[in-house]
Amino acid sequence: MKKEETNQNEIQELDEETLFIVSQTFKALSDPTRLRILHLLFQGEHSVNEIAEKLSLLQSTVSHQLRFLKNLRLVKFRREGTTFYYTHDDEHVLDLLKQSIEHALHH
């Protein structure tokens, strides 16, 4: 049996939870604002105010988008006093984002 046929036979059906998580991840990556936030966070840790300032967004917009990304475990945070600092939480999504950017820049 060829290697390709073996790999195709090993593919398993996806359960509903996995399908939902994958679709939500792509939903997260389909929004330009969330992409901008993720791209910034992949470069380093930033507070909500820093993100808002660097991306020229309202703090409430940033907080809303970060909550969406945090629920999908795409970003994580740490608290220092009253300030929350966010960073990426998933190298797999970093790889998806890098590949998508490379694909978009490839002509």
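Right above here is the structure, for reference.
Note that the coordinates shown come from a computational prediction; the quantities given were computed from them, not determined experimentally.

**Student:** Break down the overall build of the protein chain for me, with residues and values.
**Tutor:** Scanning the protein chain from N- to C-terminus turns up 6 helices and 3 strands. Secondary structure elements in the protein chain, listed N-terminal to C-terminal, are α-α-α-β-α-α-β-β-α. The burial tally for the protein chain puts 29% of its 107 residues in the buried class. Looking at the protein chain alone, contacts between residues at least 24 apart form 51% of all its contacts between residues at least 6 apart. Here the protein chain displays about 8000 Å² of accessible surface, and carbon together with sulfur accounts for 51% of that area.

**Student:** Please provide a residue-by-residue account of the pairing of strand E2 (residues 75-80), values included.
**Tutor:** Pairing geometry for E2 and strand E3 (residues 83-88), over 6 bridges, is antiparallel. Looking across to E3, one finds that Phe77 is bridged to Tyr86.

Criteria and thresholds
- Residues numbered from 1 in each chain as written.
- Predicted model: local features only at pLDDT ≥ 70, side-chain atom pairs only at ≥ 80, totals over all residues.
- Heavy atoms only, no water.
- Helix = DSSP H or I, 4+ residues; strand = E, 2+ residues; numbered from the N terminus.
- Buried < 20%, exposed > 50% of the residue type's maximum accessible area, 1.4 Å probe, protein only.
- Contact = heavy atoms within 4.5 Å.
- Areas by Shrake-Rupley, 256 points an atom, 1.4 Å probe, with all protein chains shown as cover.
- Pairing = 2+ DSSP bridges.

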